Amino acid sequence: MNLNKENSELPQPQILKLDDDFSLVKRFIDGDESTFRLLVQRHKETVRNIIYLTLGDSDAVDDIAQEVFITVYKNLKNFRFESLFTTWLYRITVNKCKDYLRKKNVRKIFVPIKEASGELRNDSITEKNDISKIVMKAISKLPQKLKVPLLLKDIEGFSYQEIAETMECEIGTVKSRIFRAREGLKKILQPIEAELME
Amino acid sequence: MSRNSKDFELLSAYLDNELSHGERVQLEESIKSSLQLQKKLEDLKKIKQLISSSYKKIPESPYFETRLFASLDSKKPWHKKVLKWSPAVGLAFATVIIMVVLRTNPDIFNNLIEEQKSNIAGFYKENLQPLLLTADLNNEDIFNFAMYKQLPLDKDDRKILHIDYDKTGKEFFEIKSVKPIQNGNNLEKFIVALNLDEKGKKQIDSIMNRYAEELEAQILINKNNTVAINSNLWNYQRAIQTDLLAFAEKSNWQEFQKFVPNTVSYTNSRDIVLAVKEIRNTHNNNYIFLTPDSIFSESIEFDLQEYKLQLSELENELNEQNRNQRKIQFQFSYESSLQKFEDKLHSNFKIIFDSNLCRVEILEFDFPDVHFPDFDSLFIAYDSVASNFKFHSQYIPRIEYFDNKIQFHFDGDSLRTYEFEYYKFDLDSSMEFQSELLDSLKSNSWNNFYNFNDSLVFKGIPKLDSYFKYYDGDVEIKLEMEHLGKELKKFREEMKQWKEEFKREFQSRDKDNNGIK
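Everything quoted here is computed from the prediction, not taken from an experiment.

Caption draft 1: Spotlight on the overall build of chain A. Check the secondary structure of chain A and you find 10 helices and 0 strands. Listed N to C, the secondary structure of chain A is α-α-α-α-α-α-α-α-α-α in terms of helices and strands. Across chain A, the fraction of contacts at a sequence separation of at least 24, relative to all contacts at a separation of at least 6, is 62%. Total accessible area on chain A is roughly 11500 Å²; 50% of this is exposed by carbon and sulfur atoms.

Caption draft 2: Summary view of the interface of chain A and chain B. With 47 residues of chain A in contact, the opposing surface of chain B contributes 37 residues. Buried surface at the junction of chain A and chain B, both sides included, amounts to about 4000 Å², of which 62% is carbon and sulfur. For the interface between chain A and chain B, the tally reads 8 salt bridges. Here Lys-44 of chain A ties to Glu-65 of chain B by a salt bridge, and the two come within 3.6 Å at their closest N and O atoms.

Caption draft 3: Representation of unusual backbone geometry in the model. Positive phi, normally seen in glycine, also occurs at Phe-81 of chain A, with a value near 60°. Considering the arrangement of structural elements, one finds Phe-81 of chain A in the loop between α4 (61-75) and α5 (85-108). Even without being a glycine, Asn-17 of chain B presents a positive backbone phi close to 55°. You can see Asn-17 of chain B is positioned in the loop between α1 (3-15) and α2 (21-33).

Caption draft 4: Seen up close, the pairing of strand β2 (residues 150-154) of chain B. Residue and element names in this part refer to chain B. Extensive coverage of β2 is indicated by the burial of 5 of its 5 residues. Two elements, β2 and strand β3 (residues 159-165), share 4 bridges in a ladder whose sense is antiparallel. The residue bridging Gln-150 from the neighbouring strand is His-162, located in β3.

Caption draft 5: Spatial organisation of the packing of aromatic side chains. All names here are of chain A. This structure, assessed with the given rule, holds 15 aromatic pairs over all chains. An angle of 50° between the planes, with centres 6.0 Å apart, marks the rings of Phe-85 and Trp-88 as tilted. Highlighted residues: Phe-85 and Trp-88, both in helix α5, separated by 3 residues, approximately one helical turn. By relative accessible area, which is 2% here, Phe-85 ends up buried.

Caption draft 6: Geometry of the packing of helix α9 (residues 171-188) of chain A against helix α3 (residues 35-54) of chain B. Contact geometry for α9 of chain A and α3 of chain B: axes closest at 10 Å, N-to-C directions at 85°. By the criterion of interaxial angle, the relationship of α9 of chain A to α3 of chain B is roughly perpendicular. In this structure, α9 of chain A uses Phe-179, Arg-182, Glu-183, Leu-185 and Lys-186 of chain A to contact α3 of chain B, whose residues at the interface are Lys-40, Asp-43, Leu-44, Ile-47, Lys-48 and Ile-51 of chain B. Residue classes in the contact of α9 of chain A with α3 of chain B are distributed as 5 nonpolar, no polar and 6 charged.

Caption draft 7: Representation of the confidence of the model for chain A. All names here are of chain A. A residue-level look at chain A finds 77% of positions with pLDDT of 70 or above and a mean pLDDT of 79. Across residues 12-18 the pLDDT falls below 50, and counting only partners more than four positions away or on other chains, this stretch makes 6 contacts in the model. For the stretch residues 113-119, pLDDT sits under 50, and the model shows 2 contacts to residues farther than four places along the chain or on other chains.

Caption draft 8: Broad picture of helix α10 (residues 186-194) of chain B. Residues and elements named next belong to chain B. Burial in α10 covers these residues: Asn-186, Leu-187, Phe-190, Ile-191, Ala-193 and Leu-194. Buried residues of α10, seen end-on, are gathered within an arc of 165° and therefore sit on one face of the element. The first or second residue beyond α10 is Asn-195, which carries a positive phi of 55°.

Caption draft 9: Up close: the pattern of salt bridges. By the definition in use, this model includes 20 salt bridges over all chains. Measuring nitrogen to oxygen at the nearest pair gives 3.2 Å for the salt bridge that ties Arg-27 of chain A to Asp-32 of chain A. Residue Arg-27 of chain A is classed as partly exposed on the basis of its relative accessible area, which comes to 26%. Beyond isolated ion pairs, a larger network of salt bridges with shared partners links Asp-154 and Arg-182 of chain A together with Asp-16 and Lys-48 of chain B.

Caption draft 10: Spatial organisation of the confidence of the model for chain B. All names here are of chain B. Mean pLDDT over chain B stands at 70; residues scoring 70 or higher make up 59%. Here helix α18 (residues 454-458) is the element of chain B with the lowest mean pLDDT, 40, and α2 is the one with the highest, 90. Counting interchain partners and residues more than four positions distant, the pLDDT-below-50 stretch residues 323-345 has 56 contacts. Low confidence marks residues 442-473, where pLDDT is under 50. Its contacts with residues over four positions away, or in another chain, come to 48 contacts.

Caption draft 11: View of the packing of helix α3 (residues 35-55) of chain A against helix α7 (residues 144-154) of chain A. Residue and element names in this part refer to chain A. Between α3 and α7, the shortest axis-to-axis distance is 9 Å and the interhelical angle comes to 140°. One way to sum up the angle between α3 and α7 is to call them oblique. Note on packing geometry: the crossing formed by α3 with α7 is right-handed. On the side of α3, the interface is formed by Ile-50, Leu-53, Thr-54 and Leu-55, while α7 contributes Gln-144, Lys-147, Val-148, Leu-151 and Leu-152. Across the contact of α3 with α7, the residue classes tally to 6 nonpolar, 2 polar and 1 charged.

Caption draft 12: Just the side chain of Asp-7 of chain B, in detail. Along the polypeptide, Asp-7 of chain B turns up in helix α1. In contact with Asp-7 of chain B, not counting residues within four places along its chain, are Leu-27 and Leu-37 of chain B.

What counts, and where the lines are drawn
Residues numbered from 1 in each chain as written. Chains lettered and ligands numbered in written order. Predicted model: local features only at pLDDT ≥ 70, side-chain atom pairs only at ≥ 80, totals over all residues. Heavy atoms only, no water. Helix = DSSP H or I, 4+ residues; strand = E, 2+ residues; numbered from the N terminus. Contact = heavy atoms within 4.5 Å. Areas by Shrake-Rupley, 256 points an atom, 1.4 Å probe, with all protein chains shown as cover. Buried area = accessible area lost by both parts, 1.4 Å probe. Salt bridge = Lys/Arg side-chain N within 4 Å of Asp/Glu carboxyl O. Buried < 20%, exposed > 50% of the residue type's maximum accessible area, 1.4 Å probe, protein only. Pairing = 2+ DSSP bridges. Phe/Tyr/Trp six-rings, centres within 6.5 Å; stacked < 30°, edge-to-face > 60°. Axes fitted to C-alpha atoms, helices over the stretch in contact; angles between N-to-C directions. Parallel < 35°, antiparallel > 145°, perpendicular 65-115°, else oblique. Nonpolar A, V, L, I, M, F, W, Y, C, P; charged D, E, K, R; others polar. pLDDT = per-residue confidence, 0-100. Arc of directions from axis to C-beta. Left-handed = near helix turned anticlockwise from the far one by under 90°.

Here it is in structure tokens:
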């Protein structure tokens, strides 16, 4: 009896899952800032890819990714464990991309307008790489709110739920936007559809 | 949204596997029955494939983390940065404090250094004892000091103190490991050369004793390997030398003249005697301390009487205990850390080292000024007398023979080594060799040997070393050479005769052989 009582009073061993984002975040909040490095290592590539997919070019990827993690570092102690860490992280990422694009669009006003967009007629397909370029170019012409959910789904393999949380919208909206993105892409690629759909 | 659009949207979600079970079953039913839906599904599938095949993930960035954490470091709050840089910040603070301290109290470091210096000086000044008492110096040593400016610091270790003046007249002293001038009892030879009687000998002895007493306080040493040299020591050397020579002149003028270059007259020695008196009366407490790791000058009061009193008390005590008094073994090592001070030393001293020499040149120092009449020429003459006397006392160099040269060594004076090269000995050229050797002996470097009247050289030296012949025995050598020449001539004739006999014998043998054939 006494033995059992003593046992029950003993502190229960804590099972720490090192691969669990929550446990890493908790340790960070408790003062072990070295866990932040582990979080970065786990998620940096996804973050970079989200940025890459969102922006459509790789020039600013690392700069924005840096900003993302700096924001995370600054705010991690206020993390409330109400959503997944990744959801929070990707939301910050997408918002940083939006900020970047907004600034870029403002800058664009002062840049001479280049050739009209959407002209795929003259493009000829010679190699497989060219198809990729054309598709990517076509995707880049989609509006951000359609393009991002589409790529998060088709490239990153996010679920609609994850996309909805990241984009801070309803799942139905995500479903609709992804469909509209695919439809839009089909329209953009229509001039060369015969070649693409072979 | 039209019915078609709604279905197409479901098709898209169906492709993404995002439909509920019910929705999926229902849609699949619809697809089966609708060609339009089937075609739309195919289109959407192709689009989806195109997208997923077109995009490649961005390559990994190897420096991403490094950059990020560097950036994070720079964005850390100031107190965290201070913590990280605390060593540097601490150093900076310390510098500022030192600067402030120096600004307000510029002499603080000098004072600290001076304090340390005086501590070190105190250590080396402990238990200084007169060299004359500790090293058992005798009249001979003092005589050598007067004439050759050398005093043995430690007879066992063969270390000597050598004081002198450089070419510009600046004082210097050396501590070196050479054999002191011991071979040849110089004082005795001096007495012999002057042909002094018993009275004269006693007078010399009293002169030496009197100076010995005065010299006692001039060189102090202690067990910390310190040599303290009174700045009056150079003057004392002059004084003893002058006094000895003045006495020599007075006691036996005729013999003395043979020592002395004709250019200097000693007849009026009154001025010299006055100068010696002046040196004696000069009270001087400035000592130059040479220690294993520093050199400094300091004024100390060494009370010889007090010291002697203590010493005699100690001696009595020891005698009571039936023990022998232990003497200081002076072992000065100039291979020690002193060398590293070479550049940093007090500018008044310049220290020069080599493998067996520690030379201290005294650049600026307040030496007691004594007015000798015609100082320069007088002392040059004195040194010349001492040098002459050295030869005069039949000091015979050690001679070493090599295959192609002869070396004359003056033990105790490594600088004075004479060397004569000659051709390898060859019977035919033996005459040539001998004459060459003679020529070289007659060269300028040997003028020293011809300064004196021969009669004095040989006087009182019954056993003359055979080598000494070279310095003087012109006639003897000539005779020997003639003898050698004759012998060689005889030898050649014998060879010639033998050659002819041999030739004849061969010819007769040839004839016999031909006859047999």
